[in-house]
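Reading the structure
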Amino acid sequence: MKKRLLAALMASAMMAATLAGCGSTSNETTTQEGGETAETGGDGYSMTLIMSLRDEFLSTLEAGAQSAASELGVKLSTQDANNDASRTIQFIESARNAGDDAVLVNLVDAATAQQCIEAAGDMQIVFVNRVPQDTSVLGGNAAAVVSDENQSGGYQGQFLADYFNAKGQTDVRYIMLQGTLGLVHTEQRSASVIQAMKDGGLNPIEAAAPLVAEYNRADAMDMISPLLSTTEFDCIIANNDAMALGAVEAMQAQGMDPTSIPIVGIDATVDGIQAIKDGTLAMTVFQDANGQGYGAVKAAVNLIEGNAINDGTDYETDETGNIVWVPFEPVTPENVADYE
């Protein structure tokens with residue numbers, strides 16, 4: 001079932017990316033398949049999804065949001081901020097001036113959440129994929145639909161603990177490829193993997209200072225290449241699949257076998273899944289982009305209608321009731337077929 005779902009989602013994401021060449025898409029559906037109106041309401045609501053940029057992951061998130069919009073009879077437009085926080089604010093103001101009921105925001109800068117809330121005015125606002133740096137700004141007309149980044153790094157750490165414990169090895173030298181510094185998910189992914197390794201009985205040791213490769217595959221390849229022949233290491237930890245694959249390519253370019261050590265990533269991208277099948281990537285962590293997009297639209301409708309933000313979903317909220325958690329899932333050679 002998951003195979004069919006992911007295949008459909010990727011097809012939807014590719015279509016979304018194609019349609020979005022001018023930076024904006026629109027989807028309006030007031031009936032479900034067969035002509036029946038959506039039972040959960042939302043008919044006639046208008047929303048805008050503002051993405052930090054359009055990449056493979058966020059295109060899948062967009063597809064999930066469009067799916068929920070079609071189901072709930074919501075008119076959904078999409079904007080691409082091109083990694084410009086000021087453009088995010090401008091798009092929020094434009095949505096408010098256009099009379100939208102809600103805006104869904106994938107933050108460029110987690111520290112700008114309060115500005116986004118102020119720009120939204122009376123609109124409902126749902127932060128999706130990236131949680132505000134200060135979560136106390138949530139509440140009232142503001143909520144978040146995200147995944148617990150501590151869980152993603154935790155799965156990496158658990159895998160590495162199992163791997164090295166099976167070898168009878170406690171001291172583990174690692175090279176870490178980090179994403180953009182200052183982002184909450186970079187910090188949490190980096191800290192939680194090391195903590196999980198310790199919790200699993202390992203003694204993680206930095207083989208080199210963390211490499212800040214900005215979640216970029218080419219940057220990761222360039223930055224790690226000089227270390228491969230000069231540094232002793234037992235594993236490579238990457239904050240996302242793109243950087244993990246950059247490490248794989250760097251090893252291959254130097255005639256080294258990437259299957260000789262565990263290289264772990266996060267996101268379960270198409271290339272990441274293939275690398276696990278090939279044996280060059282030891283594991284990744286599935287982040288449900290479709291679920292985040294779907295849950296964000298549902299949360300916005302629930303805010304408008306005064307319901308709990310996770311109403312109509314299987315997702316849990318945090319203790320404040322302002323954050324919906326979309327769970328991560330570990331992907332290993334044993335279960336990778338479920339994610340193809």
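Residues numbered from 1 in each chain as written. Predicted model: local features only at pLDDT ≥ 70, side-chain atom pairs only at ≥ 80, totals over all residues. Heavy atoms only, no water.

Counted under the stated rule, the structure contains 10 salt bridges. Salt-bridge contacts for Arg217 lead to Asp271; the nearest nitrogen and oxygen are separated by 3.1 Å. Here the residue Arg217 occupies a position in helix H7 (residues 217–228), and Asp271 occupies one in helix H9 (residues 270–278), the gap between them amounting to 54 residues. A single salt-bridge network, built from bridges that share partners, covers Arg54, Glu62 and Asp80. (Salt bridge = Lys/Arg side-chain N within 4 Å of Asp/Glu carboxyl O. Helix = DSSP H or I, 4+ residues; strand = E, 2+ residues; numbered from the N terminus.)

We now examine the environment of Ile236. With respect to the helices and strands, the residue Ile236 is situated in strand E10 (residues 235–238). On the basis of relative accessibility, which here comes to 0%, the residue Ile236 falls in the buried class. Those residues in contact with Ile236 that sit more than four places away from it in its chain are Ile175, Leu177, Ile224, Ala247, Met251, Ile261, Pro262, Ile263 and Val264. (Buried < 20%, exposed > 50% of the residue type's maximum accessible area, 1.4 Å probe, protein only. Contact = heavy atoms within 4.5 Å.)

Taken residue by residue, the chain gives an average pLDDT of 88. The fraction at 70 or more is 87%. A low-confidence stretch, residues 1–42 stays under pLDDT 50, and its non-local contacts, those more than four residues away or across chains, total 77 contacts. (pLDDT = per-residue confidence, 0-100.)

Moving on to the environment of Leu104. Relative to the helices and strands, Leu104 resides in strand E4 (residues 102–105). Through-space distance from the C-alpha of Leu104 to that of Val145 is 9.6 Å; in sequence the pair is 41 residues apart. Among residues more than four places away in sequence, those in contact with Leu104 are Met47, Thr48, Leu49, Ile50, Leu76, Val126, Ala296, Val297 and Ala300.

The subject of this paragraph is the environment of Ser67. Looking at the secondary structure, you find Ser67 in helix H2 (residues 56–72). Taking the C-alpha atoms as reference points, Ser67 and Asn290, 223 residues apart in sequence, are found 8.8 Å from one another.

Evaluation of the coordinates by the stated rule reveals 2 aromatic pairs. Measuring from ring centre to ring centre gives 4.9 Å for Tyr163 and Phe164, while their planes differ by 80°; the resulting arrangement is edge-to-face. With relative accessibility at 28%, the residue Tyr163 sits in the partly exposed group. Arranged with centres 5.3 Å apart and planes meeting at 55°, the rings of Phe286 and Tyr339 form a pair that is tilted. Residue Phe286 is located in strand E12 (residues 284–286), and its partner Tyr339 is located in the segment after strand E15 (329–331); the two are separated by 53 residues in the primary sequence. Judged by relative accessible area, which is 8%, Tyr339 ranks as buried. (Phe/Tyr/Trp six-rings, centres within 6.5 Å; stacked < 30°, edge-to-face > 60°.)

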